[in-house]
Amino acid sequence: MKMRAKIKMGLDIVMTILLLLQMGYHMFEEGIHKWLGIILSVLFVVHHVLNWTWYRSIFKGKYSPARVFRTATNILLTLSMFGIMLSGMMLARDIFHFIPFKANSFARLLHMSATSWGFVLAALHMGQHFHIVAGKMKRRDIIKKPVWWSMRCVVAGISGYGWYAFINREIGKHMLLTVQFAFFEFGEPFTRFLLDYTAIMVLYAAISYYLLKFLTMWGKKKTSNGE
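Novice: How should the overall build of the chain be read in this particular structure?
Specialist: A count of helices and strands for the chain gives eight helices and zero strands. Secondary structure elements of the chain occur, N-terminal to C-terminal, as α-α-α-α-α-α-α-α. Counting over 227 residues, the chain shows a buried share of 39%. A total accessible area of about 14000 Å² is found for the chain, and carbon and sulfur atoms account for 72% of it.

Novice: Hey, could you run me through the packing of helix α2 (residues 30–50) against helix α4 (residues 65–91) in this one?
Specialist: One can describe the packing of α2 onto α4 by two numbers: an axis separation of 11 Å at closest approach and a directional angle of 145 degrees. Viewed along their axes, α2 and α4 form a crossing whose handedness is left-handed. Contact residues: α2 offers Leu40, Ser41, Phe44, Val45 and His48, while α4 offers Thr78, Met81, Phe82 and Met85. Residue classes in the contact of α2 with α4 are distributed as six nonpolar, three polar and no charged.

Novice: What exactly am I supposed to notice about the side chain of His111 here?
Specialist: Examined against the element boundaries, His111 turns out to sit in helix α5 (residues 105–139). Of the polar contacts made by the side chain of His111, one reaches the backbone oxygen of Ile84; its length is 3.5 Å. When sequence neighbours within four positions are dropped, the list of residues in contact with His111 reads His33, Ile84, Ser87, Gly88 and Leu91.

Novice: Explanation requested: the nonpolar core in the structure shown.
Specialist: It is characteristic of soluble globular proteins that their nonpolar side chains tend to be buried jointly. One finds Phe119, Val120, Phe166, Ile171, Tyr197, Ile200 and Tyr204 to be the most contacted residues of the largest nonpolar core, which totals 32 residues. Per element, the largest residue contribution to this core is seven residues, and it comes from α5. Other than its neighbours up to four places away in sequence, Tyr197 contacts Leu20, Met23, Phe119, Arg169 and Ile171.

Criteria and thresholds
Residues numbered from 1 in each chain as written. Predicted model: local features only at pLDDT ≥ 70, side-chain atom pairs only at ≥ 80, totals over all residues. Heavy atoms only, no water. Helix = DSSP H or I, 4+ residues; strand = E, 2+ residues; numbered from the N terminus. Buried < 20%, exposed > 50% of the residue type's maximum accessible area, 1.4 Å probe, protein only. Areas by Shrake-Rupley, 256 points an atom, 1.4 Å probe, with all protein chains shown as cover. Axes fitted to C-alpha atoms, helices over the stretch in contact; angles between N-to-C directions. Left-handed = near helix turned anticlockwise from the far one by under 90°. Contact = heavy atoms within 4.5 Å. Nonpolar A, V, L, I, M, F, W, Y, C, P; charged D, E, K, R; others polar. Polar contact = N/O pair within 3.5 Å; in protein donor to acceptor, adjacent residues only side chain to side chain. Core = buried A, V, L, I, M, F, W, Y, C linked by side-chain atoms within 4.5 Å.

Structure representation (C-alpha cells):
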C-alpha cells in the first residue's frame, strides 16, 4: 500500500473514532467535547485536501445508480459536516469569540440535527468503502465462504441491536428535528454508550454496503440491456 493511501486510511480511522466519541456529549467535559470537535474539523479539511481529485471528476463521465448514491452520500456528508462546524463555532463562544455570530436556539438545533445526519452519513460512507475492500478480498479468495456467512450473521445481529439503539436514542427524531432538545443520560456506563453507537454505525454501514451492491448489479444489468 502506498504511503498516501496509508495516510488516508489512518485519517479515516481517526475521524471515525472522533465522530463516535463526539456523539457522547454527556460522556466528557464540555471543554474536551469542544476541542475534539476542533480536531475533527481540522482532519475533515485535511481529508478533503487529500481527496481533492474527486471534485475534479464529479462532473465527468456517466452516472450509474451506484455512482449517484456514492456522490449524494459524499455531498450530503460534506454539507452536514459544515453544519456541525458552523454551529459548533457559534456555540463555543469561549473559543470562537471573534466570529460575528451568537449562540442561539438556531445554532443548537442546527448542531443537534447536523451531528445526527453526519453520524449516519459517515456510516453510509464507511459502508461504501467496505464494498471496495470486500470486492478485492473476494477476488483474491482471502476469506472463504463459510467465514463470509459467519461474518454476515454477526453483522446482522449487531445491526438488529443497532436499529433498537437508533430508535431508543431518538437519533431519527434529532435528524428531523421532531424533538427540540437532546436528552442525555448522564452517568450511563461508557461501554453501553460505545456499544449502542458502534452498533448504529454498523447498521448503516451494512445498509450502505448492500444497497451499493444492489445498485451496482442493477447498473450492470441496465448496461447489458442497452438502456
